[in-house]
Amino acid sequence: MPERPTSSGEPEIILDLSRLLSRVPHATPTGVDRCEMAYARGLLAAVPDRLRFAAVHPSGIYGRIPHGAVLRFLDATEERWDHKGFGSIWEMRRFAARAMAAMRPRSVRRDASAPRPCYVQASPNNLTKPALVQSILKRERARFFCLVHDLIPLQYPEYARPGGAAEHEVRVRTILSSTDGVICNSHATLDALRPWMDRLGRHPSAVVAHIGTHLHRIHDDTPLPAYVTDGRPYFVCIGTIEPRKNHLLLLNLWRRMAEERGAANIPRLIIVGRRGWENEQVIDMLERCPALQGCVEEKGRLSDREVVALLPGARALLMPSFAEGYGMPIAEALSLRVPVVCSDLPALREAGAAAPVFLDPLDGPAWQSTVLALEEADGDLSKQLRDRTSTWNAPSWRDHIAILLGLLHRAEQ
């Protein structure tokens, strides 16, 4: 059945959910997953009558997805993220099978007399397939609007997977050749995108809308993990274990402290994040360095509730990255009033404003002195950073969606 026209006569907004559908087997989300979820929730709250859902199913079929099925899928997905839920591989497979069946795309039938819809995509899914994107836009007769997360593989190909730079260039070319408007998660991302606009001779409307936060909305009695209940100070690092995240700096710092003072007499370092690519040195240290045993904990993927239980007790979030498009962990930590120490990058200054301590990601002595200064909860630097967090203003998804809707409105004129 074709979708009913919007009651106001305004153009439909079609949100692409291909990313969330492709991530059904995964118990915990990536930052991109969170963005697509936030777009779904934000647009449902702001323009429910205009909103439609579509996706490229993992089977390769494109189409619209029934509204009720999407709402049930979003609820179940958020519940899984909150509790890192899949008790077994069989539970995961049952969930995936039900989701794939319920979210099966339906054929698209367009009313040629209706206003051109706005097709919105918050993820990079399928952008390496320009013919597919063009086919979808032609079928929908739609204008295209896309959230750009970063251009790191093009700016710093040494931090990408093999072939990652060429693949990301295809994405950028697909976006700029097809889009009527882009939303960038930071001014740093937009600044990186502008030379590609000049190179391709395409200058679509562009806006900056910072990524919203969500962890501060989770309130329950999830207990502290057992490994941090002994009163020993600890620091947290959140991010995929990959070269640009610079975990080696922290591991070498902790090894030095352990060798000087003993592993039992220094703060813990809790590393939260899945293992990514080209991380052999980091993994070797985590698995084989005797000095790190008892003072460094690798926790892989944690549920949102586990992160909310863990972060507030940390002396600080540490983020020594070499490159970032925005810095969601910084915003999430500051929203929970957790001090932050991070690299001095433009994108991270946008995320943290004046609240963090900003350091050169290559300056090991500066990181060491800062960690030592934060070891005592009542130290001067700890008090100073806690004061800074109290004046930091969290970006909101409501504001982000309002900026998006303003961009769509201008395109409709």
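Criteria and thresholds
Residues numbered from 1 in each chain as written. Predicted model: local features only at pLDDT ≥ 70, side-chain atom pairs only at ≥ 80, totals over all residues. Heavy atoms only, no water. Helix = DSSP H or I, 4+ residues; strand = E, 2+ residues; numbered from the N terminus. Rg over C-alpha atoms; globule rule 2.2 N^0.38 Å. Buried < 20%, exposed > 50% of the residue type's maximum accessible area, 1.4 Å probe, protein only. Areas by Shrake-Rupley, 256 points an atom, 1.4 Å probe, with all protein chains shown as cover. Phe/Tyr/Trp six-rings, centres within 6.5 Å; stacked < 30°, edge-to-face > 60°. Expected span 1.5 Å × (residues − 1). Contact = heavy atoms within 4.5 Å. Pairing = 2+ DSSP bridges. Axes fitted to C-alpha atoms, helices over the stretch in contact; angles between N-to-C directions. pLDDT = per-residue confidence, 0-100. Parallel < 35°, antiparallel > 145°, perpendicular 65-115°, else oblique. Left-handed = near helix turned anticlockwise from the far one by under 90°. Nonpolar A, V, L, I, M, F, W, Y, C, P; charged D, E, K, R; others polar.

Novice: Before we move on, can you summarise the overall build of the protein with the specific residues and values?
Specialist: When its secondary structure is counted, the protein shows 16 helices and 13 strands. Relative to a compact globule of 413 residues, whose C-alpha radius of gyration would be 22 Å, the protein shows 22 Å and is just as compact. Expressed as a percentage of the 413 residues in the protein, the buried residues total 56%. Just so you have it, the protein exposes about 18000 Å², and 51% of that area is on carbon and sulfur atoms.

Novice: Talk me through the packing of aromatic side chains; I want residue IDs and the actual numbers.
Specialist: Given two aromatic rings, one states the distance between the centres and the angle between the planes to describe the pair. Taken as a whole and assessed by the stated rule, the structure comprises six aromatic pairs. Summarising the aromatic geometry, the rings of Tyr119 and Phe144 are spaced 6.3 Å apart at their centres and angled 50° between planes, so their arrangement reads as tilted. Of this pair, Tyr119 sits in strand 4 (residues 118-121) while Phe144 sits in strand 5 (residues 143-148); the two residues are 25 residues apart in sequence, bridging distant segments of the chain. For Phe144, a relative accessible area of 1% translates into the label buried.

Novice: Residue-level account of helix 9 (residues 247-261), with values.
Specialist: Between its first and last C-alpha, helix 9 extends 21 Å over 15 residues, near the 21 Å set by a 1.5 Å rise per residue. Residues of helix 9 that are buried sit in contact with strand 8 (234-238), strand 9 (268-272), helix 10 (280-288), strand 10 (296-300), strand 11 (317-319) and helix 14 (364-374).

Novice: So, the sheet that holds strand 1 (residues 13-16): which residues are in play, and what are the values?
Specialist: Pairing in this open sheet of seven strands is mixed, and the strands run 3-2-1-4-5-6-7 from one edge to the other. Of all strands in the sheet, those bounded by a partner on one side alone are strand 3 (62-64) and strand 7 (205-208). Here the average twist between neighbouring strands, direction ignored, is 20°. Two strands pair when backbone bridges link them, and strand 6 (residues 181-184) and strand 7 are joined in this way by four bridges, in the parallel orientation. Paired with Val182 across the strands is Ala206, a residue of strand 7. Sitting on the sheet, helix 16 (residues 397-412) is in contact with strand 1, strand 4, strand 5, strand 6 and strand 7, with an inclination near 150° to strand 5.

Novice: Outline the confidence of the model for the protein, listing residues and values.
Specialist: On average, residues of the protein score 91 in pLDDT, and 96% of them are at 70 or above. Confidence drops under pLDDT 50 across residues 1-5; counting only partners more than four residues distant or on other chains, this segment forms seven contacts.

Novice: Could you give an account of the packing of helix 2 (residues 31-46) against helix 3 (residues 67-83), naming the residues involved and the relevant values?
Specialist: Helix-helix packing: each pair is described by the crossing angle between the helix axes and the interaxial distance. Their axes nearest at 12 Å, the elements helix 2 and helix 3 cross at an angle of 130°. Here helix 2 is positioned oblique relative to helix 3, judged by the angle of their axes. In the packing of helix 2 onto helix 3, the handedness of the crossing is left-handed. Across the interface between the two elements, Asp33, Arg34, Met37, Ala40, Arg41 and Leu44 of helix 2 pack against His67, Leu71, Leu74, Asp75, Thr77, Glu78 and Trp81 of helix 3. Split into classes, the residues belonging to the contact of helix 2 with helix 3 amount to six nonpolar, two polar and five charged.

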